[in-house]
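Read off the chains here:
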Amino acid sequence: MRTDSGTVHRLGPVTDIPVGEGRAYAVGGEQVAVFRLRGGAVRAVSAICPHAGGPIADGLIDAKVVICPLHQHVYDLATGCSSTGQPPLRVYEARVDDDGTLLLTT
């Protein structure tokens, strides 16, 4: 579905992602890591670490950051910025609709 702010992709039930974890999705030719935070929010960033191609969706998260599992580079989930000197991750708009479906805007 296309909106003024981009294309909205329906990724499936948010319950496919365990609370406190992430999953990688192929969306419009890009790899996107989507995280379901313990507070109920969802966040989405590029799924590939710019440092060495690490799988960001497999990283450890808290309410604000994800840590790449390969070399422990830290990225802010809201801005994509790295606190360890790496190039930023792209940030995507992610939300859950009233039916519990995960939506991602590109």
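Predicted, not measured: the structure shown is a model, and the values here were computed from it.

Novice: Help me out: how do you make sense of the overall build of the chain in this one?
Specialist: The number of helices and strands found in the chain is zero helices and 10 strands. Put simply, the chain runs from its N terminus to its C terminus through helices and strands in the order β-β-β-β-β-β-β-β-β-β. Here the C-alpha atoms of the chain give a radius of gyration of 13 Å, agreeing with the 13 Å that 2.2 N^0.38 yields for 106 residues. Taking all 106 residues of the chain together, 42% fall into the buried category. Expressed as a percentage of contacts within the chain between residues at least 6 apart in sequence, the contacts between residues at least 24 apart total 37%. Entry remark: accessible area of the chain is about 5,700 Å², with carbon and sulfur atoms responsible for 51%. Across the chain, the 9 positively charged side chains and the 11 negatively charged ones have centroids separated by 2 Å.

Novice: Before we go on, may I ask you to explain the environment of arginine 43 in this structure?
Specialist: Of note, arginine 43 is situated in strand 5 (residues 42–46). When the C-alpha positions of arginine 43 and lysine 64 are compared, they lie 9.5 Å apart, and in sequence the two are 21 residues distant. Among all residues touching arginine 43, those that are not within four sequence positions of it are Ala33, Val34, Phe35, Leu37, Leu77 and Ala94.

Novice: Just to check I follow, could you spell out unusual backbone geometry for this structure?
Specialist: Residues other than glycine predominantly adopt negative phi, and peptide bonds predominantly adopt the trans conformation. Of note in the backbone geometry, glutamine 72 takes a positive phi value of approximately 60 degrees without being a glycine. Of note, glutamine 72 is situated in the loop between strand 7 (65–67) and strand 8 (74–76).

Novice: Just to check I follow, could you spell out the pairing of strand 9 (residues 91–96) for this structure?
Specialist: Consecutive side chains of a regular strand alternate in pointing toward one face of the sheet and then the other. The sheet contact formed by strand 5 and strand 9 spans two bridges and is antiparallel. When the bridges of strand 9 are listed, valine 45 appears paired with valine 91. Counted along the chain from strand 9 to the antiparallel partner strand 10 (residues 101–105), the turn is four residues long, and its residue glycine 100 has a positive phi close to 85 degrees.

Novice: Can you walk me through the environment of aspartate 97 in this structure?
Specialist: Inspection of the secondary structure assignment puts aspartate 97 in the loop between strand 9 and strand 10. Aspartate 97 sits 86 residues away from leucine 11 along the chain, and the two C-alpha atoms are 11 Å apart. If near-sequence neighbours (up to four positions away) are discounted, aspartate 97 is found in contact with Arg10 and Leu103.

Novice: Mind showing me how you'd approach the sheet that holds strand 8 here?
Specialist: The strands making up a sheet associate through hydrogen bonds between their backbones, and the pairing can be parallel or antiparallel. Taken together, the three strands give an open sheet; going across it, the order is 6-7-8, and neighbouring strands pair in antiparallel fashion. Both edges of this open sheet fall to strand 6 (60–61) and strand 8, since each of them pairs with a single strand only. With two bridges connecting them, strand 6 and strand 7 associate as antiparallel partners. Bridge pairing in strand 7 links leucine 60 to isoleucine 67.

Novice: Where do I start with the pattern of salt bridges in this structure?
Specialist: A pair can form between side chains of opposite charge whenever their charged atoms are brought close. Tallying each qualifying case throughout the model produces three salt bridges. Two residues, arginine 90 and glutamate 30, come together in a salt bridge whose shortest N-O distance is 3.0 Å. Of this pair, arginine 90 sits in the loop between strand 8 and strand 9 while glutamate 30 sits in strand 4 (residues 30–36), and the two are 60 residues apart along the sequence. You can call arginine 90 partly exposed: its relative accessible area is 39%.

Calculation notes
Residues numbered from 1 in each chain as written. Predicted model: local features only at pLDDT ≥ 70, side-chain atom pairs only at ≥ 80, totals over all residues. Heavy atoms only, no water. Helix = DSSP H or I, 4+ residues; strand = E, 2+ residues; numbered from the N terminus. Rg over C-alpha atoms; globule rule 2.2 N^0.38 Å. Buried < 20%, exposed > 50% of the residue type's maximum accessible area, 1.4 Å probe, protein only. Contact = heavy atoms within 4.5 Å. Areas by Shrake-Rupley, 256 points an atom, 1.4 Å probe, with all protein chains shown as cover. Lys, Arg positive; Asp, Glu negative; His and termini not counted. Charge placed at Lys NZ, Arg CZ, Asp CG, Glu CD. Pairing = 2+ DSSP bridges. Salt bridge = Lys/Arg side-chain N within 4 Å of Asp/Glu carboxyl O.

Coordinates in, geometry out; function isn't part of it.
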